[in-house]
Amino acid sequence: MAGILPPNPNDPRVIRTRQLILDAFIRQLNIMDFNSITVGDITKAATINRTTFYAHFQDKYALFEAFLLDAFTNMVLHKVDATGPLTEKTLQELIVALCNYHETSDRCFKRYDSVALLLEENIKLHLEKLILQLISESDSAADSKPLATAATLLSWSLYGVTYRWNVEGRAESPSELAERVMPLITGGFPMFNPQVS
């Protein structure tokens, strides 16, 4: 299909069609396992043809990634000040937002476990970029390699603790979880830091 230009992302018809595809995909996720969903299922539910689908997305995985980025942006990125430095308050907001993201995702997908690995990679990647940006705002003179390592460490930790909170039944509120884990994040582990009791 050489010579065909991709749709203009600012065209209202393109925006409407893209949203139609995303809505159809979400409906399919509510009734089917992700691995069972086909592009045909999505196009049928969206009442579009396959050519229209492929003008917007390469495949169902690209659609899923766009869906996750949209959800992550709305539920996590918009909940924190991404232009400021990394603070305890920002970390607590991230934990609460990630808990809400997991809880909503759990309700949205028929079989959450079938998409959990795709979610994990996507969330950790975007979270790592956000945390690196926040850390860089806090210490712009620092060497970039240790900052990147710190961002990876924090993003994976935050993802892990909120994921575990979700799969273990959400026994405490997101804010209680944030309060409980903050001393570990900010002060380290007692066995490595004798001053922490």
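Our structure's up above, just so we're on the same page.
Source: prediction; values computed, not measured. (Residues numbered from 1 in each chain as written. Predicted model: local features only at pLDDT ≥ 70, side-chain atom pairs only at ≥ 80, totals over all residues. Heavy atoms only, no water.)

### A look at the packing of helix α1 (residues 12-31) against helix α2 (residues 39-46)
So, point 1. Here α1 crosses α2 at 115 degrees, and the two axes come no closer than 8 Å. Helix-helix and strand crossings are classified by hand; for α1 and α2 the assignment is right-handed. Residues Leu 20, Ile 21, Ala 24, Phe 25, Arg 27 and Gln 28 of α1 touch α2, and the partners they reach there are Asp 41, Ile 42, Ala 45 and Ala 46.
So, point 2. In terms of residue class, the contact of α1 with α2 is made up of seven nonpolar, one polar and two charged. (Axes fitted to C-alpha atoms, helices over the stretch in contact; angles between N-to-C directions. Helix = DSSP H or I, 4+ residues; strand = E, 2+ residues; numbered from the N terminus. Left-handed = near helix turned anticlockwise from the far one by under 90°. Contact = heavy atoms within 4.5 Å. Nonpolar A, V, L, I, M, F, W, Y, C, P; charged D, E, K, R; others polar.)

### Looking at the packing of aromatic side chains
So, point 1. Inspection of every chain in the model, using the stated rule, returns nine aromatic pairs.
So, point 2. Both rings, one in Phe 25 and one in Phe 64, keep their centres 6.0 Å apart while their planes meet at 75 degrees; by these two values the pair is edge-to-face. Residue Phe 25 is located in helix α1, and its partner Phe 64 is located in helix α4 (residues 60-75); the two are separated by 39 residues in the primary sequence.
So, point 3. We classify Phe 25 as buried; its relative accessible area is 0%. (Phe/Tyr/Trp six-rings, centres within 6.5 Å; stacked < 30°, edge-to-face > 60°. Buried < 20%, exposed > 50% of the residue type's maximum accessible area, 1.4 Å probe, protein only.)

### Side note on the side chain of His 102
So, point 1. Structurally, His 102 is set in helix α5 (residues 88-108).
So, point 2. Judged by relative accessible area, which is 0%, His 102 ranks as buried.
So, point 3. One polar contact links His 102 to Thr 162, side chain to side chain, over a distance of 3.2 Å. (Polar contact = N/O pair within 3.5 Å; in protein donor to acceptor, adjacent residues only side chain to side chain.)

### Comments concerning the pattern of salt bridges
So, point 1. Summed over the entire model, instances satisfying the criterion amount to four salt bridges.
So, point 2. For Glu 168, the salt bridge is made with Arg 164, and the minimal N-O distance between the two is 3.8 Å.
So, point 3. The class of Arg 164 is partly exposed, set by a relative accessible area of 46%. (Salt bridge = Lys/Arg side-chain N within 4 Å of Asp/Glu carboxyl O.)

### Thoughts on α1
So, point 1. Along its 20 residues, α1 runs 29 Å from first to last C-alpha, staying within 8% of the 28 Å computed at 1.5 Å per residue.
So, point 2. Listing the buried residues of α1 in full gives Val 14, Thr 17, Ile 21, Leu 22, Ala 24, Phe 25, Gln 28 and Leu 29. Along α1, the residues classed as buried sweep out an arc of 160 degrees about the axis, all on the same side. Facing away from the buried side of α1 by more than 90 degrees, the exposed set consists of Pro 12, Arg 16 and Ile 31. (Expected span 1.5 Å × (residues − 1). Arc of directions from axis to C-beta.)

### Looking at α4
So, point 1. With 16 residues, α4 ought to run about 22 Å at 1.5 Å a step, and its terminal C-alpha atoms sit 22 Å apart, in line with that.
So, point 2. Taken together, the buried positions of α4 are occupied by Lys 60, Leu 63, Phe 64, Ala 66, Phe 67, Leu 68, Ala 71 and Phe 72.
So, point 3. If you check the start of α4, you find a side-chain oxygen 3.0 Å away from the backbone N of Tyr 61, and it comes from Asp 59.

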